[in-house]
Amino acid sequence: IPNRMIMSWVVYTNVVSMETLSLGMYVNDKISKDDGTYSDEIYKLNTHQSKSVFDSMLNESQAFCVLLAAGQGSRFVSDTPKVLHPFCGKPLLVHALLAAKNARIPVVVVVSNTNAHNVIQTISSFVRIDRDGILFCEQPEQLGTGHAVYMARTVVPDTFRGDLIVSYADNPGVDSDLFSQLRAFHKNERDKLGDSYFATILTGSRAAVGLGADAYGRIVRSRLEMNRVIDIVEKKQIDAMPPESFRIYSEDNNSRWTKDELFNIDEFNSGIVIAKSDLYFKVLSEIKPSQTRKEPPKYEYYATDFVSYSSNSHCVGALQLPNDQLSKLEGANTLSELLQLEQKFLTIL
């Protein structure tokens, strides 16, 4: 089987050392020789036939989708992985997968070592893996969204210079039309601004979403160029700021944002992004981990950090969805919320 990439992993017992490691260093340089990245099941699925179809679709569309399906969904309190829970007649992840398939975009599905078998079996019930442009990769450790997306580079040709779209398996409202809007906006911005423009984030209005919107990450736009995004700040990062503190953005003429100003930003990050794939992976390789737990210490790599790591040298923009389309971005954190969301979608349909 061509282009198989066998990678290995070392478990860091010295967390202090991991704190200083960029994602690229962690994945590429700190490896052991004892354990492969892919399980046998995933290795067998990424056959020559699957790879050939994927590559053919990749050349035609000049884009691929990274579908994140490795999350545990612990707040669901269920033995069934979150992405496999039924929603309007299909498992959650199948809705997200079909959105890319209907847009003729090949997909890399990122799974964990705990849910891989069930995810693969479910997908196989709805699509032909060997002919629908679907490849799999495994996130062997749960080290954040940045780490999960970065794993996809192991199954995509190194020579590919087209676009990557990050999407989520628990976003059932995302459809092929949304992908088309995002791609069209991104192309238009690149045509206007040239190679300096490399990524577009899909965003929305917190005020229009309502319940739960306080928890969303905020989109920080440049005060000099409003079409340029300079940071994504998570709610917990804002909460951790002392009352009178502020953030300074040197790349934006040292603009200052107070804690209250950041909290009151209306535009939120959906997590869905389109970017020039080779540059995106390069930027991801440079991000450092964030501490997500003090005792015992835990660190994760956040995909949202790509904005702050690239804003000095490349332009990141945002497509804010009209309020009447925001239901497409809604998700659920609990089973109860999922049932409420399903009822809402059935009413719309």
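## Points about the overall build of the protein
The helix and strand tally for the protein stands at 14 helices and 15 strands. Buried residues in the protein amount to 54% of all 349 residues. At a minimum sequence separation of 6, the contacts of the protein that also span at least 24 residues come to 74%. Per element, the accessible surface of the protein, about 16,100 Å² overall, is 49% carbon and sulfur.

## Some points on helix α12 (residues 277–286)
Here α12 lies mainly inside the structure; seven of its ten residues are buried. Of the positions making up α12, those classed as buried are S277, L279, Y280, F281, V283, L284 and S285.

## Side note on the nonpolar core
One finds F64, V109, I123, F136, Y280 and F306 to be the most contacted residues of the largest nonpolar core, which totals 87 residues. Considering every element that reaches this core, the biggest residue donor is helix α5 (residues 92–102), with six residues. Sequence-distant contacts of V109, that is, excluding residues within four places in its chain, are made with L67, A69, L97, V119, I123, I134, L135, F136 and C137. Membership of the second largest hydrophobic core comes to nine residues, among which are I230, V233, M241 and Y249.

## Quick word on unusual backbone geometry
The omega torsion across E295 and P296 is -15°, close enough to zero to call that bond cis. Inspection of the secondary structure puts P296 in the loop between β13 (290–293) and β14 (298–300). Unusually for a residue other than glycine, N253 sits at a positive phi of about 55°. With respect to the helices, strands and loops of the structure, N253 is situated in the loop between β10 (246–249) and β11 (255–258). The residue N254 is not glycine, and still its phi comes out positive at about 55°. One can find N254 in the loop between β10 and β11. N254 gets classed as partly exposed once you look at its relative accessible area, which sits at 47%.

## Some words on the environment of E60
As for its placement among the helices and strands, E60 is situated in helix α4 (residues 48–61). E60 sits in the exposed class, given a relative accessible area of 61%.

## Here we look at the packing of aromatic side chains
A complete count under the given rule lists eight aromatic pairs for this structure. Residues Y26 and Y301 carry aromatic rings whose centres are separated by 6.2 Å and whose planes lie at 50° to one another, so their mutual orientation is tilted. Residue Y26 is located in helix α2 (residues 23–29), and its partner Y301 is located in the loop between β14 and α13 (306–310); the two are separated by 275 residues in the primary sequence. With a relative accessible area of 2%, Y26 lands in the buried category. Of the residues examined, Y301 reaches a relative accessible area of 0% and is grouped as buried. The structure contains a cluster of three or more aromatic residues connected by ring pairs, namely Y150, F198, Y280, F281 and F306.

## A look at the pairing of β11
Burial along β11 is one-sided: S255 and W257 are buried, and none of R256 and T258, which face the opposite way, are. Between the end of β10 and the start of β11, which pair antiparallel, lie five residues, with N253 showing a positive phi angle near 55°.

## Let's talk about the environment of H314
By the element assignment, H314 lies in the loop between α13 and β15 (315–320). With relative accessibility at 22%, the residue H314 sits in the partly exposed group. Remark: the alpha-carbon pair of H314 and Y197, spanning 117 residues in sequence, is separated by 5.9 Å. In this view, H314 contacts D195, S196, F198, R228 and L279; residues no more than four positions away in its chain are not counted.

## Observations regarding the environment of T304
Among the secondary structure elements, T304 is positioned in the loop between β14 and α13. For T304, a relative accessible area of 14% corresponds to the buried category. Once the C-alpha coordinates of T304 and E234 are considered, the two residues, 70 residues apart in sequence, prove to be 9.0 Å apart. When neighbours within four sequence positions are excluded, T304 is seen to be in contact with I232, E234 and N269.

## A word on the pattern of salt bridges
A side chain of one charge can pair with a side chain of the opposite charge if their charged atoms are brought near each other. Within this structure, the stated rule accounts for 20 salt bridges. Among the ionic pairs, K82 bridges to D170, the shortest N-O distance being 2.9 Å. Of this pair, K82 sits in the loop between β1 (63–68) and β2 (86–87) while D170 sits in the loop between β6 (163–168) and α8 (176–193); the two residues are 88 residues apart in sequence, bridging distant segments of the chain. Where E300 meets K298, a salt bridge forms, and the shortest distance between an N and an O atom there is 3.3 Å. Given a relative accessible area of 30%, K298 falls into the partly exposed group.

## Things to note about the pairing of β10
Where β10 and β11 come together, four bridges link them in antiparallel fashion. Within β11, the residue paired with F246 across the bridge is T258.

The rules behind the values
Numbers given for residues are sequential positions, taken from 1 along each chain in its written order. Reporting of local features is limited, given that this is a predicted model, to residues whose pLDDT is at least 70; pairs of side-chain atoms are given and counted only at 80 or more, and all residues count toward the totals for whole chains, interfaces and linings. Note that water and hydrogens are dropped before the side-chain values are worked out from all heavy atoms of the structure. A run of H or I in DSSP becomes a helix once it reaches four residues, and a run of E becomes a strand once it reaches two; helices and strands are each numbered from the N terminus. Exposure classes here rest on a 1.4 Å probe applied to the protein chains alone. A residue is buried below 20% of its type maximum, exposed above 50%, and partly exposed in between. Contact criterion: two residues are considered in contact whenever any of their non-hydrogen atoms come within 4.5 Å of each other. What sets the accessible areas is the Shrake-Rupley method with a 1.4 Å probe; for residues, cover comes only from the shown protein chains. What is meant by a nonpolar core is a set of buried Ala, Val, Leu, Ile, Met, Phe, Trp, Tyr and Cys residues, joined one to another through side-chain atoms within 4.5 Å. Two rings from Phe, Tyr or Trp (for Trp, the six-membered ring) form a pair when their centres sit within 6.5 Å of each other. Planes less than 30 degrees apart are called stacked, planes more than 60 degrees apart edge-to-face, and all others tilted. Only when DSSP finds a minimum of two bridges between them are two strands counted as paired. Any Lys or Arg side-chain nitrogen found within 4 Å of a carboxyl oxygen on Asp or Glu counts as a salt bridge.

Just distances and angles here, no functional claims.
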